[in-house]
Every structure is written in structure tokens, then in C-alpha cells.
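Observations on chain architecture
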Amino acid sequence: MPSEALSLSAPRRDVRAHPMPWKSPEHPPTRNSRRWYRVSIRTVGVIGAGTIGRGVAQSFAQAKFEVILVDTSQGQLDSALAQIGRDVLVHAMLLGQQLQESAQSVLSRIRTCTEYGPLADADFVVENVTENWDIKRAVYEQIDAICRPGVIFGVNTSAVPITRVGSVTKRPAEILGLHFMNPVPMMSAVEVVSGHFTSEETLDITRGVLKDLGKEGIVVQDSPGFITNRVLMVTINEAIFCVQDQIASAEDVDKMFRECFGHKMGPLETGDLIGLDTILNSLTVLYESFRDSKFRPAPLLQKMVDARLLGRKTGQGFYTY
């Protein structure tokens, strides 16, 4: 993704002129502190317009933030805006809430671009690209030079270590994990991952931003897979092995989890929702990180990804959509 050359001597905007979307009365900022310039977060950069990125952009826009949505493909961006427009109404209905404003009003707060340059205006950034270290590294090396010092980068990853991401930037204290779950607008919590260098100030500010989204930030320490995916990926993978070994059908595996454990979705339904390519990438990262055979991907999973049977996003996975 190309980026525009920026002048590092450009004057900083006076963010104090904007209303504060959140405050922390327990730790009020002082005029001389760096946090004085960071309590007013109005514009959020969202990198990646895939399934999760769209949900993140929608959540911020509905919470009255201005959003800069970046992707390499204009077609992907157009598709994202169309889906967000539909989902604003659908999610309100599913949550039993009254629609607060029109989809068009929400979309008016999202601007799209195919280069990183506009992220110079961002006060906070959430990255949502694929679970591939080489791709993520290239993203952070570019945006670190574009975004203002002090801007927090939220790494939306299910397995890539946050400390590793921080190591390729000049702002490791402002790097943390933000593991949003799908569908983002409907989830009430976010797994917040503290890297080795992540500051308490960064965690505090991020919890405040998430609170504005109506979500609770649950802080965990940096380790491959963190909590959710370290447990969930093994569960989904073993469910795939059960189908591969012809122990039960996908339908019966999921029914056991719904009927016996009270889960809203079974592991294979969940895999289809997340995307089987994402499941495979996450398991690969976990296996390479721990060198433990319990994370080895099921051959059936690899075969389905090779066949582009990725779940909901392609219309066919363990189920047909």
C-alpha cells in the first residue's frame, strides 16, 4: 500500500479545542503531561476493510468518531461501506435496540482511501490486516513514520505477539493488542493485550476509548494466542479432526456444543464465521511459537482452505450460506 511523503515539521493540531469523548476523573491530565494532548480522540484510523475491519469502522462511526478506513482495494472499500450500511440496521434489530440514526448518517463519518497518507490526521489507529507477520511488519514500518508521535496503535491480531510489533516502531509504549471478535458491533468486550513495553497510560486511554464504544477492555499479558485464541483455536481444530476422522458430522459436533454446553454457536459454525483461512493462519502462528503438536492444523482444514471453502465469506465452509 503506497504512502504519501509527509512533512514532519507540519504544525500539530490543537486537540484541546475539541470536546473530550471520555474522561478519567481518577487520573485527570495536567497541562504539561503528554496525556493532555491525547485525551481528545476524535479521528480513528482503521487499516483493513475485511470482515473485522468493517465491524471496527462501524463501531467507531456509530460512537460518533470520524473514521479513516484504509485498504489496498477500492472495490473492497466500496463493499465495506455497502455492508456497513446494511449492518447498522441489522445489528440494531438483533440487539433489540431502537435505531439511533440512519445508516447514511453513520456512513458520513467514514472516509475511505487506498494509501496511508491520510492517517496523519488520526488520533488513534486500529490495524486489522491478515495474520501474516511479514505483511503486518510492513504496515507498521510505514504508518510509524506517518502518524504523529503519541498516537496509539491497536494491533487487531489473534496470535501475533504485541511485543514483536512494538519492536519495529519508534513508539513501543503506544503499541497494544486489540483483539476484536466478530461481529464487532454486537460484542460487549475486547481482549486488550499488554506488550512488554506497553505503558499504563496507553492501557488507560484505550480502556476509555473502548468504553465510548460500549465495550469493556479485558487486559491480558502478551503471549501467542493470548487467552481467547489459545483456547478457541485448539477447540475448533479438534472439532475439525472429529469430522475428518468421521467420528461425527459437522452438524452433530456443533449440536453437542449448543445443546450440552449451552453455547450459542458450535466450534465449526464459529470457524465458518471467523474464516477458515484465519483459523489456519492462527494455528500456524501458534504452532511456530510454541513448537507444540497440539496446535498442528488438521489436514482437512488445510484442504478446505486450499479449495477456498473459507466459510461465510465465500459462501461455503462446513455449511452452505
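Residues numbered from 1 in each chain as written. Predicted model: local features only at pLDDT ≥ 70, side-chain atom pairs only at ≥ 80, totals over all residues. Heavy atoms only, no water.

**Topic: the overall build of the chain**
- The helix and strand inventory of the chain stands at 11 helices and 8 strands.
- In the chain, which comprises 321 residues, the share counted as buried stands at 49%.
- Long-range contacts, defined as pairs at least 24 residues apart, comprise 67% of the intrachain contacts of the chain with a sequence gap of at least 6.
- Total accessible area on the chain stands at roughly 15300 Å², and carbon and sulfur atoms take up 53% of it. (Helix = DSSP H or I, 4+ residues; strand = E, 2+ residues; numbered from the N terminus. Buried < 20%, exposed > 50% of the residue type's maximum accessible area, 1.4 Å probe, protein only. Contact = heavy atoms within 4.5 Å. Areas by Shrake-Rupley, 256 points an atom, 1.4 Å probe, with all protein chains shown as cover.)

**Observations concerning the nonpolar core**
- Membership of the largest hydrophobic core comes to 32 residues, with the highest contact counts inside it found for Val-44, Phe-60, Leu-69, Phe-124, Val-126, Leu-178 and Phe-180.
- Apart from the residues within four sequence positions on either side, Leu-69 is in contact with Val-46, Gly-48, Ala-49, Gly-53, Ala-57, Leu-77, Ala-80, Ile-110, Arg-111, Thr-112 and Cys-113. (Core = buried A, V, L, I, M, F, W, Y, C linked by side-chain atoms within 4.5 Å.)

**Notes on the packing of helix α7 (residues 228-244) against helix α11 (residues 299-306)**
- At a closest axis distance of 8 Å, the pairing of α7 and α11 adopts a crossing angle of 90°. Taken as axis vectors, α7 and α11 run roughly perpendicular relative to one another. Contact residues: Asn-237, Ile-240, Phe-241, Val-243 and Gln-244 in α7; Pro-299, Leu-300 and Leu-301 in α11. (Axes fitted to C-alpha atoms, helices over the stretch in contact; angles between N-to-C directions. Parallel < 35°, antiparallel > 145°, perpendicular 65-115°, else oblique.)

**Quick notes on empty space enclosed by the protein**
- The full count for this structure, using the stated rule, is 1 cavity of 30 Å³ or more.
- The computed volume of the largest cavity comes to approximately 30 Å³.
- Taken together, Ile-162, Thr-163, Gly-166, Pro-172, Ile-175, Gly-195, His-196, Phe-197 and Thr-198 make up the full set of residues lining the largest cavity.
- The element contributing the most residues to the lining of the largest cavity is helix α5 (residues 162-166), with 3 residues.
- Partitioned by chemical class, the residues of the lining of the largest cavity number 4 nonpolar, 5 polar and no charged. (1 Å grid on protein atoms, 1.4 Å probe; cavity = no way out; pocket = protein on both sides within 12 Å on 5 of 7 lines; lining within 4 Å. Points joined across faces, edges and corners; volume = space filled by probe spheres on them. Nonpolar A, V, L, I, M, F, W, Y, C, P; charged D, E, K, R; others polar.)

**Focus on the sheet that holds strand β3 (residues 110-113)**
- Strand order in the open sheet formed by 8 strands is β3-β2-β1-β4-β5-β6-β7-β8, and the pairing between neighbours is mixed. Edge positions in the sheet fall to β3 and β8 (216-221), since each has one partner strand and no second. In this sheet, neighbouring strand axes are inclined to one another by 25° on average, regardless of whether the strands run parallel or antiparallel.
- Relative to strand β7 (residues 189-194), strand β6 (residues 175-179) runs antiparallel, the two being bridged by 4 bridges. Each bridged residue has a counterpart across the sheet, and for Leu-178 the counterpart in β7 is Val-192. (Pairing = 2+ DSSP bridges.)

**Some remarks on the pattern of salt bridges**
- Per the stated rule, a full pass over the model turns up 8 salt bridges.
- Across the pair Asp-144 and Arg-171 runs a salt bridge whose closest N-O atoms are separated by 2.7 Å. Linking Asp-144 in helix α4 (residues 133-146) with Arg-171 in the loop between α5 and β6, this pair joins segments that are 27 residues apart in sequence. Note on accessibility: Asp-144 and Arg-171 belong to one class, buried.
- The residue Lys-313 makes a salt bridge to Asp-277 at a minimum N-O spacing of 3.0 Å. Taken together, the positions of Lys-313 in the segment after α11 and Asp-277 in helix α10 (residues 276-290) put the pair 36 residues apart, joining distant regions of the chain. (Salt bridge = Lys/Arg side-chain N within 4 Å of Asp/Glu carboxyl O.)

**Topic: the packing of α7 against α10**
- Look at α7 against α10: their axes get within 10 Å of each other, and the N-to-C directions meet at 115°. Where α7 crosses over α10, the handedness of that crossing is left-handed. Residues Asn-229, Arg-230, Met-233, Ile-236 and Asn-237 of α7 form the contact with α10, whose own contacting residues are Ile-279, Ser-282, Leu-283, Leu-286 and Phe-290. (Left-handed = near helix turned anticlockwise from the far one by under 90°.)

**Some details on unusual backbone geometry**
- For the bond running from Asn-182 to Pro-183, omega is 0°, close enough to zero to count as cis.
- Structurally, Pro-183 is set in the loop between β6 and β7.
- In this structure, Gln-246 is a non-glycine residue whose phi angle is positive, near 60°.
- Relative to the helices and strands, Gln-246 is located in the loop between α7 and α8 (250-261).
- Phi is positive for Arg-291, close to 55°, though the residue is something other than glycine.
- Along the chain, Arg-291 falls in the loop between α10 and α11.

So, to be careful, I would describe these as geometric facts and stop short of saying anything about function.
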